[in-house]
Structure formats: C-alpha cells, structure tokens
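For reference, the chains in residue letters:
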Amino acid sequence: MKKYWKILIFSLIALVFIGMFIFLWQKSKPQPVAYEEFTPTIKDLAKTTVVTGKIEPRNEVNVKPQISGIITQILKEAGQMVQAGEVIAKVKVIPDMQQLSSAQSRVRLANVNLKQAKTDLDREQTLYDKGLVSADEYDKIRQAYRQASEEVAAANDQLQVVRDGVSRTNASASSTLIRSTITGLILDIPVKVGNSVILSNTFNDGTTIASVANMKDLIFRGNIDETEVGRLVAGMPMKITIGALQNLNFDAHLEYISPKAVETGGANQFEIKAAVHVPTASQIRSGYSANAEIVLAEAKNVLTLPESAIEFSGEETFVYVIKGKGDNKTYERKKVETGLSDGISIEVKSGISQKDLIRGPKIVKSED
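Residues numbered from 1 in each chain as written. Predicted model: local features only at pLDDT ≥ 70, side-chain atom pairs only at ≥ 80, totals over all residues. Heavy atoms only, no water.

Participant: How do you make sense of the overall build of the protein when you look at a structure like this?
Facilitator: Along the backbone of the protein there are four helices and 20 strands. Sorting the 368 residues of the protein into buried and exposed places 29% on the buried side. (Helix = DSSP H or I, 4+ residues; strand = E, 2+ residues; numbered from the N terminus. Buried < 20%, exposed > 50% of the residue type's maximum accessible area, 1.4 Å probe, protein only.)

Participant: Even after reading the chapter, I still don't get the sheet that holds strand β3 (residues 60-63), so can you show me in this structure?
Facilitator: Strand pairing in a sheet relies on backbone hydrogen bonds. The paired strands run either parallel or antiparallel. Taken in spatial order, the four strands line up as β3-β10-β8-β5 in an open sheet, and their pairing is antiparallel. Each edge of the open sheet carries a strand with a single partner, namely β3 and β5 (81-82). Bridge analysis of β3 against strand β10 (residues 210-213) gives four bridges, and the strand direction is antiparallel. Directly across from V61, in β10, lies its bridge partner V212. (Pairing = 2+ DSSP bridges.)

Participant: Got a minute to help me understand the confidence of the model for the protein in this structure?
Facilitator: Residues shown with low pLDDT carry predicted positions that ought not to be read at fine detail. Per-residue confidence for the protein averages 83 on the pLDDT scale, and 84% of its residues sit at or above 70. Element-level mean pLDDT values for the protein span from 64 in helix α1 (residues 2-28) up to 94 in β10. (pLDDT = per-residue confidence, 0-100.)

Participant: Sorry if this is basic, but what is going on with the nonpolar core here?
Facilitator: Nonpolar side chains tend to gather and get buried jointly when the protein is soluble and globular. Counting residues in hydrophobic clusters, the biggest one holds 26 residues, and the most contacted among them are I55, F220, L232, M238, I240, I272 and I294. Elements with a contribution of two residues or more to this core: β2 (41-57), β11 (218-225), β12 (237-242), β13 (248-264), β14 (267-277) and β15 (289-306). Counting residues in each nonpolar core, the second largest holds 16 residues, with V91, V93, V191 and I209 among its members. (Core = buried A, V, L, I, M, F, W, Y, C linked by side-chain atoms within 4.5 Å.)

Participant: Is there a simple way to think about the pairing of strand β17 (residues 316-323) in this case?
Facilitator: Look at any regular strand and the pattern is simple: side chains alternate between the two faces of the sheet. Among the eight residues of β17, six are classified as buried, and the element is accordingly described as predominantly covered. By the bridge criterion, three bridges tie strand β16 (residues 311-313) to β17 in an arrangement that is antiparallel. If you follow S313 over to β17, its bridge partner there is E316. If you look at the hairpin formed by β16 and β17, you'll find two residues sitting between the two strands, and G314 has a positive phi there, around 65°. Direction of pairing for β17 relative to strand β18 (residues 330-341): antiparallel, over a ladder of seven bridges. Within β18, the position partnered with Y320 by the bridge is R333.

Participant: Please clarify how the environment of K76 should be interpreted in this entry.
Facilitator: Position of K76 relative to the elements: it lies in the loop between β4 (69-74) and β5. When the C-alpha positions of K76 and A89 are compared, they lie 7.3 Å apart, and in sequence the two are 13 residues distant. Within polar-contact distance, the side chain of K76 engages the side chain of E86 at 2.6 Å. (Polar contact = N/O pair within 3.5 Å; in protein donor to acceptor, adjacent residues only side chain to side chain.)

Participant: Quick question: what am I supposed to make of the pairing of β4 here?
Facilitator: Judged from the five bridges that link them, β4 and strand β6 (residues 87-93) form a sheet pairing that is antiparallel. For I70, the partnering residue across the bridge sits in β6 and is K92. Where β4 lies against strand β9 (residues 196-197), two bridges are found, and the strand directions are antiparallel. Bridge pairing links G69 to V197 in β9.

Participant: Even after reading the chapter, I still don't get the pattern of salt bridges, so can you show me in this structure?
Facilitator: A side chain with one charge can pair with a side chain of the opposite charge if their charged atoms come near. One pass over the full model with this rule turns up 16 salt bridges. Between K239 and D251 there is a salt bridge, with its nearest N and O atoms 2.8 Å apart. Note that K239 is positioned in strand β12 and D251 in strand β13, a separation of 12 residues in sequence. Of the residues examined, K239 reaches a relative accessible area of 37% and is grouped as partly exposed. K335 serves as the salt-bridge partner of E316, at 3.1 Å between the closest nitrogen and oxygen. In this pair, E316 is assigned in strand β17 and K335 in strand β18, connecting sequence segments 19 residues apart. (Salt bridge = Lys/Arg side-chain N within 4 Å of Asp/Glu carboxyl O.)

Participant: It is not clear to me how the packing of aromatic side chains should be interpreted in this structure. Could you clarify?
Facilitator: Any two aromatic rings considered together are summarised by their centre-to-centre distance and by the angle between their planes. This model, assessed by the stated rule, comprises zero aromatic pairs. For R333, the ring lying beneath its charged end belongs to F318, and the centroid distance is 3.7 Å. The ring of Y320 carries the charged tip of R359 above its face, separated from the ring centre by 4.2 Å. (Phe/Tyr/Trp six-rings, centres within 6.5 Å; stacked < 30°, edge-to-face > 60°. Lys NZ or Arg CZ within 6 Å of the ring centre and 35° of its normal.)

Participant: Just to check I follow, could you spell out the sheet that holds β9 for this structure?
Facilitator: Read across the open sheet, the four strands follow the order β7-β6-β4-β9; overall the sheet is antiparallel. Each of the sheet's edge strands pairs with one partner strand only, and the pair in question is β7 (177-179) and β9.

Participant: Just to check I follow, could you spell out the side chain of S345 for this structure?
Facilitator: Considering the arrangement of structural elements, one finds S345 in strand β19 (residues 345-350). Polar contacts involving the side chain of S345 include one to the side chain of K43, which spans 2.9 Å. Setting aside its immediate chain neighbours within four residues, S345 contacts K43, L45, T304, L305, P306, E307 and L340. (Contact = heavy atoms within 4.5 Å.)

Participant: Where do I start with unusual backbone geometry in this structure?
Facilitator: Among all residues save glycine, negative phi is the norm, and among peptide bonds the norm is trans. Phi at N301 is positive, roughly 55°, even though this residue is not glycine. We classify N301 as exposed; its relative accessible area is 61%.

Participant: What am I meant to see in the environment of G339 here?
Facilitator: Position of G339 among the secondary structure elements: in strand β18. For the pair G339 and S350, spaced 11 residues apart in the sequence, the C-alpha separation amounts to 9.6 Å. Dropping the residues within four chain positions of it, G339 is found in contact with I346, E347 and K349.

In structure tokens, the structure reads:
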C-alpha cells in the first residue's frame, strides 16, 4: 500500500514539472508580430486651437458723482435696465467750509454793491427827470444797477450750489441726482445709503456709484500663444462655448490681435478680442468663462491616414504598404508627401491611393 502511494506522489510531481516545462516553452516561443491596418479615407481636416477667456461687454461705464457728499437714496439695483439720463441715486452735499465761506462773502459783497447801485440810480433818475444829465449818462448808471442785480442772483445761486448742491435756477439739472450716462444693464452698485462719495478730479478717480453696460454688444477676450498668433487674421470665424450655460455655443469673429506680447507663466501670449453674435433671447452675464475654438487651417476632401501610420524620418515621411494576404504578407516602404494634420489624422498628398492597405503600429497584446 505504501509503495502505491509513493508511486502516486512521484507521478504527480513529474506531471507538475512536465506542465511547467511545457508552459515555459510556450512562453519562450516567439510570437508573430501583428499590426493595425488602415485604408486611406477621404474627409475634411481642420487644425484648430482653443483659447480660454471670458465674455464681457464691449463698453462698461462707471457712473461717478459730480459732487462729493453722502448717498441718501438708491433708486436702482444691479440687474435692472436703465435709460441714459435716468436717476440711479441721490447725494446729499457736505459743503466745503472754505468754499461756503467764500460764497457767503460773495453774496454779502453783491448786496452791498446792489444797494449802492440803487442809490446811484435813484439820484441819476432825479437829475435825468430835470434834464440836468444826458441820456447817455443815465443809461450807464442804469446798466450798472442791472449788473449789480445779476451779480446778486449769481452769488445766491453759487451759495445754494455750494451749500445744497443745487440752486433754484437749475433744479432740473441738479448734480445731487446721479444719472446714468448710457442706456444699458446695471451690472453693479458698489455703494450703499450712507456711504460717502467723492467726485472725480485730477488727483482722484472718484467713487463709482454704478457700473452700466450694453449687454447686447459683447466681446470675447482671451490670450493666445506666440506659436499660433502668426496664423491669425482679423475677421476669422470663431466658435464660442460657455460651459456654465450647458456648453452653449455662439458664433464670433476675430476683431483685434494685440501687437505686444504679455508674459504669462513664462510663455509669451497675445491678447485677442472677438465680437460675439448673441441671439436676442440669450441671457449672458458679464464675466462668464468661455472657450473660443479657432480654425487655423483646413483642407477639404483630402486623402487622409491616421498619423500613427506615418513614419517620420527627418523631413521625409514614409508608409508601409501591405502586399499579399495571410502568412504571405509583405510590407513595402513607400515615400509619401504629407500635408495638414489635426493631431489625429494627416493629409497624404501623394505616394499612395485610396485602394492601398497601410500598415499601422504594432498591436500590443495584454498579458494574461
């Protein structure tokens, strides 16, 4: 019985060794090389580039006050339409004490001059009625009185403007009423009631009361690498995609290419602008991120191959044309002239025909 078990164990060991030997022998045998095979096809090719940028209005205007003061009322809010000349906010004037003092002094002086002019006119009127002075002398005195009266009115107007920001004579054009300078959409109102605001002058840009823009006239603004900018020309069509709007697409055309590069991340890039053609019903917001696809070159109805089937040798290109079938296949190396490439397919101008079968790259088998 023991002899039987020994024979059985040795037989199993022998079978394991024989099986391992056969397995290793099969693995060591050279496997036949298999290649992908391609037939040239006729199709359109286009070399494109994608530029990342954003959508913004062509003209965005910052509405600023004409006087310094405090915001007392805001009549509009961001997102509302506003017409040119429409009031956005109201400002209460905080007068400058030096200007106020000067205006008050001017009023007092104007009243003194008017009083003296009235006395002179009354005296001259008495003499004129008696025929003791000429009409010419009387007219001069009366003219002086009229000028003094106008000076009093002007001094009072100036005092009201300095003190209140508006005078009775120009109430309709009050500088305390902040009006929109254009018709458009209010993008932002960065101030609140109670905020102090200052007017724009030589030393200060002034406080922005509101940003207003025409959202029917939009542009795409982005940057393109220096290696591709040389292929761009004004008027080229573009396709704009806004990811935030479920990849909504718009047509555009290139309007501007910057003549000066800007270094970004160590690379020289040029700013471009394109006019966006937005349908009337579309709601586009300023600042949306967008991608612009630009066709740099294209070729229509050309013979093409996958670029992986092309062998590049210096400035020359070759393909391997398959001859025969099955185990009798041979590969003829032929020189071809290539053209436009889109990164996947490449144009073949000469050297092969649509009837040829072309060898591609090796088929890599996965290890079991």
